[in-house]
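# Structure assessment
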Amino acid sequence: MSNDAPSIIDPTAAPAPSRGRAPTPGRRPSTRVYWLYLLPGGIALTVVIIVPFAMNLWYSLHKWKGGLAPMRWIGFDNYVDLMSDDAFWRSFQNSLWMIVAMVIVPTLVGIVLAAVLFDVVGKNIGTRTASFLRAVYYLPQILPIAVAGIVWNWIFNAETGALNEILRSLGVTDPPNWLGVPGLALPAVMIVLVWIQIGYPTVIFMSALQRVAPELYEAAEIDGAGWYRRFRAITIPQIRPETFVITLTCTIAALKVFAPIYVLTRGGPEGSTLVPSYYTFLNFFDKSKIGYGAAVATVLTFVIIVVAVVIQSLQARAERREEEGR
Amino acid sequence: MRIRSALSAVAVGALAVTMAACGSGNGGSTGDGGGSDASGGADGELSCGEITFWHYEGDDSAMNQSWLVAIDEWEAATGGTVTVEKQTFEQLQKNAKIVLTGDDVPDVMEYNKGNGTAGQLASQGLLTELDDYAADYGWDSVLPSSIQTTARYDEDGLMGSGPWFGVPTYGEYVTVYYNEEMFADNGIEVPTTFAELEAALDAFVAAGITPLAEAGAEYPMGQLWYQLVLHHADRDFVDAFQLFDGDVDFTSGPLKDGTDTLQEWIDKGYINPNASGLTAEDMGVAFIAGKYPVMVSGSWWFGRLNAEISDFTLGQMIFPENSLNAGSSGNLLVIPTNAKEKDCAASFIDTALAQGAQNKLAELGGLPVAGDASVITDENVKVLTQNWDAIVADDGLAFYPDWPVAGFYDQVVSFGQSLLNGSKTPDQALDTLGTFYQEGRADITGE
């Protein structure tokens with residue numbers, strides 16, 4: 001559904017301030033040919049995104065059990081029902097926690113890790129060690145989520161799990177029931193998500209740091225700036241475009257997160273780790289409430305579009321300000 | 001159960017479809033009312049060529065082994081041949097409604113029982129009505145009535161009434177497994193009544209042992225709850241709860257009493273509260289490892305328990321003083337509407353219900369619907385089968401707690417977790433469950 005993400009976040013597209021200005025008059029006749037090149041993409045967009053999205057919207061206005069069952073037009077009733085559906089609101093509330101676990105924490109930790117790997121490990125110990133560590137941080141991104149989920153289930157198992165075995169050996173008599181109690185399952189899932197996510201910003205930030213002109217650091221160093229001052233004054237502003245890209249892609253991923261929830265908790269215990277995509281899935285496949293599930297999916301899509309637009313406009317504003325400042 | 005619940009998911013979709021159920025079971029007059037004799041239903045006048053049989057049981061499973069016996073007997077009796085084509089359930093589940101509309105369909109096919117699966121195909125007119133065959137071959141008298149429930153579907157695809165659309169050849173039920181050594185070592189008598197069961201569980205708690213292996217993140221906790229509900233229930237309740245024949249009360253009666261008993265069991269420490277996050281696999285492994293003396297779960301565990309338990313003696317008993325128990329028929333053999341050799345297919349199904357195939361099932365612990373437990377040599381298999389026979393003879397199968405309405409599985413799991421975690425009182429948890437049930441029921445019945 002939101003496979004359109006890459007087009008929004010293409011990093012080469014973002015910092016190109018001169019694009020979109022009036023074309024030179026001489027080029028006008030040939031622009032028509034360009035439309036031909038857009039055709040394949042246009043067809044794909046229509047087939048893969050626009051048509052399914054329209055169908056989803058259409059379904060959401062019906063009461064329908066799927067299959068060959070009759071569809072009954074009910075207008076916006078599904079959306080009205082959503083407003084008073086606790087599970088729906090809880091799922092979006094949990095989305096905020098997903099953003100904490102998949103965007104905020106990994107980005108902050110990733111920026112520090114990247115700086116440490118690049119500045120400290122890379123320069124003092126060797127770039128090979130730095131690349132090795134970078135690969136290790138990235139490993140959870142490569143592992144199939146189903147495999148990772150099963151392993152984490154073993155770790156968190158309240159009776160036989162590695163975590164509680166360790167806690168017991170340290171003298172904790174009644175270690176927590178990680179995935180069985182509503183108050184703990186969400187934090188446990190968040191820990192797994194942080195573990196999965198952390199490699200992504202680290203790798204992006206490390207390549208960003210390579211892009212930053214070394215003269216800036218050298219000049220700052222000559223002026224007597226310490227590591228932290230250089231990090232604050234040079235690194236962070238210089239890698240702002242990457243920060244926006246990571247924030248945008250990870251926020252979208254956090255809003256539509258499904259697989260980790262499916263393999264770890266299935267939305268439980270007691271619905272405490274329900275997220276919008278899983279709630280859609282439940283309605284579609286478990287309850288056969290296709291129209292209602294489609295309504296949840298539609299709301300999720302609009303939320304993602306709004307969030308993406310907000311982040312993009314923040315980025316555009318930041319860039320404009322930077323340009324004006326120069 | 002795992003598969004079942006996933007299934008009930010997919011397809012209540014087609015329940016409301018009212019395609020005229022076609023296929024009138026044309027013919028079937030050649031049978032002689034057998035069903036107990038391999039050559040009985042298919043002798044003499046019926047000459048068959050090749051029939052195609054689709055199923056998805058593993059090669060070593062009791063089901064497959066018994067069908068192999070049926071194939072040999074049927075081929076010898078009719079001169080025909082059976083071509084077996086192995087499928088996967090997932091594949092069939094997705095494709096059946098498309099494949100079965102074509103010409104290239106099997107003559108006999110295994111399919112999952114229940115509203116969401118066989119019921120859906122029946123309501124879409126894709127399965128042959130088997131009433132005439134059932135009468136001619138005597139299936140309606142061979143199969144016990146609670147087994148017949150899952151063989152019959154009405155025009156909305158709801159099980160329990162309407163014409164025959166499939167024939168089960170085996171069954172399954174929820175039973176009590178126990179560790180004989182743990183009882184003996186702690187000087188605790190194996191219970192025969194409900195009161196003795198509670199006394200035994202109390203004695204284990206007093207000895208510092210949590211007695212019940214449980215799993216709250218999957219089906220087992222819901223089945224224990226249902227066993228306790230059934231302890232207070234009668235057949236009328238089951239008909240109302242499962243088949244929508246009558247009103248269901250979530251504030252008093254069996255549901256309330258069973259829930260209160262479960263809460264009591266949790267409060268008394270019969271169940272480890274950590275179970276709320278554990279899976280069925282965790283539960284089984286812990287029981288096999290000898291960590292818990294008692295496990296209440298399905299006959300589908302039996303093969304594994306019988307094979308893997310080496311440190312103690314496995315005991316089994318029917319849930320004490322329950323005249324109703326969670327359980328049902330196994331999967332169905334069905335004849336697609338577009339099948340070409342319907343009469344021959346029906347005679348093959350009859351052979352699968354005959355002594356040879358049924359006794360093979362019995363020997364392997366596969367719980368035959370019309371078998372003879374006396375042929376069994378393995379002691380544990382014998383007990384499992386005798387208990388099954390007793391429950392069936394007593395019309396004691398009450399299906400599963402998550403069957404009635406679509407999406408109920410997750411609700412029942414969540415309900416059990418609420419009780420284990422103490423996050424809701426029994427009344428609150430039942431109220432939530434009841435609301436979902438009534439809405440789902442109204443959706444299906446259109447009331």
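Residues numbered from 1 in each chain as written. Chains lettered and ligands numbered in written order. Predicted model: local features only at pLDDT ≥ 70, side-chain atom pairs only at ≥ 80, totals over all residues.

What follows is about the overall build of chain B. For chain B, the count of helices and strands is 19 helices and 12 strands. The long-range share in chain B, meaning contacts at least 24 apart out of those at least 6 apart in sequence, stands at 80%. (Helix = DSSP H or I, 4+ residues; strand = E, 2+ residues; numbered from the N terminus. Contact = placed C-beta atoms within 7 Å.)

A tally of regular secondary structure across chain A gives 15 helices and two strands. Taking all contacts inside chain A whose residues are at least 6 apart in sequence as the whole, residues at least 24 apart take part in 72%.

This part covers the confidence of the model for chain A. Residues and elements named next belong to chain A. Residues at a pLDDT of 70 or more form 89% of chain A, whose mean pLDDT is 87. Summarising per-element confidence for chain A, the mean pLDDT is lowest in helix H1 (residues 5–9) (41) and highest in helix H8 (residues 182–197) (95). Low pLDDT, under 50, characterises residues 1–23; the predicted model gives this stretch 26 contacts beyond four residues in sequence or across chains. (pLDDT = per-residue confidence, 0-100.)

With that out of the way, let us pick up the sheet that holds strand S3 (residues 108–111) of chain B. Residues and elements named next belong to chain B. Judged by pairing direction, the sheet is mixed, and its five strands sit side by side in the order S2-S1-S3-S12-S6 without closing on themselves. Whereas interior strands pair on both sides, the edge strands pair on one side only; in this sheet they are strand S2 (81–86) and strand S6 (167–168). Sheet topology places strand S1 (residues 50–55) next to S3; two bridges connect them, and they run parallel. The residue of S3 that forms the bridge with Phe-53 is Val-108. (Pairing = 2+ DSSP bridges.)

Residues Ala-114 of chain A together with Val-108, Phe-165, Val-334, Ala-345, Phe-348 and Ile-349 of chain B are the most contacted members of the largest nonpolar core, which totals 197 residues. Looking at which element gives the most residues to this core, the answer is helix H4 (residues 86–125) of chain A, with 11 residues. Per-domain counts for this core show at least three residues from each of domain 1 (2–170 + 330–371) and domain 2 (172–327 + 400–445) of chain B. Residues contacting Ala-114 of chain A, with those up to four places away along its chain left out, are Thr-202, Phe-205, Met-206 and Leu-209 of chain A. (Core = buried A, V, L, I, M, F, W, Y, C linked by C-beta atoms within 7 Å. Buried ≥ 20, exposed ≤ 12 C-beta atoms within 10 Å, placed from the backbone. Domains from an automatic or database assignment.)

Turning next to the pairing of strand S7 (residues 171–179) of chain B. Residue and element names in this part refer to chain B. The buried fraction of S7 amounts to nine of the nine residues, a majority that puts the element mostly inside the structure. Side-chain alternation along S7 places Gly-171, Tyr-173, Thr-175, Tyr-177 and Asn-179 on one buried face and Glu-172, Val-174, Val-176 and Tyr-178 on a second face that is also buried. Sheet topology places S7 next to strand S11 (residues 327–329); three bridges connect them, and they run antiparallel. Its bridge partner being in S11, Gly-171 is matched across the sheet by Ser-329. As defined by bridge partners, S7 adjoins strand S9 (residues 294–298) across five bridges and the pair is classed as antiparallel. Each bridged residue has a counterpart across the sheet, and for Val-176 the counterpart in S9 is Val-296. Here four bridges tie S7 to strand S10 (residues 314–317), and the two strands are oriented antiparallel to one another.

Residue and element names in this part refer to chain A. Taking 1.5 Å of rise per residue, 16 residues should cover 22 Å, and helix H5 (residues 127–142) covers 22 Å from first to last C-alpha, within 8% of that figure. Of all the bends found along H5, the most pronounced is centred on Val-136 and spans about 30°, while Pro-140, a proline, follows it within four residues. Taken as a whole, H5 has its buried residues at Ala-130, Arg-134 and Tyr-137. The elements touched by buried residues of H5 are H4 and helix H9 (199–211). (Expected span 1.5 Å × (residues − 1). Bend = angle between axes of the 7 residues up to and from the residue.)

Residue and element names in this part refer to chain A. One way to put it is that H4 packs onto helix H12 (residues 240–255) with a least axis distance of 9 Å and a crossing angle of 150°. Between H4 and H12, the angle falls in the class roughly antiparallel. Read as a crossing pair, H4 and H12 show a hand that is right-handed. Packed against H4, whose contacting residues are Ser-95, Met-98, Ile-99, Met-102, Val-103, Pro-106 and Thr-107, the element H12 presents Thr-243, Ile-246, Thr-247, Cys-250, Thr-251, Ala-253, Ala-254 and Leu-255 at the interface. Taken together, the residues of the contact of H4 with H12 sort by class into 10 nonpolar, five polar and no charged. (Axes fitted to C-alpha atoms, helices over the stretch in contact; angles between N-to-C directions. Parallel < 35°, antiparallel > 145°, perpendicular 65-115°, else oblique. Left-handed = near helix turned anticlockwise from the far one by under 90°. Nonpolar A, V, L, I, M, F, W, Y, C, P; charged D, E, K, R; others polar.)

Moving on, we get to unusual backbone geometry. Of the consecutive residues Gly-268 of chain A and Pro-269 of chain A, the connecting peptide bond is found in the cis state with omega at -10°. With a phi close to 55°, Glu-270 of chain A is a non-glycine residue in the positive phi region. Among the secondary structure elements, Glu-270 of chain A is positioned in the loop between helix H13 (259–264) and helix H14 (276–286). On the neighbour-count criterion, Glu-270 of chain A (25 C-beta atoms within 10 Å) is buried. A positive phi angle, close to 65°, is found at Phe-399 of chain B, a residue other than glycine.

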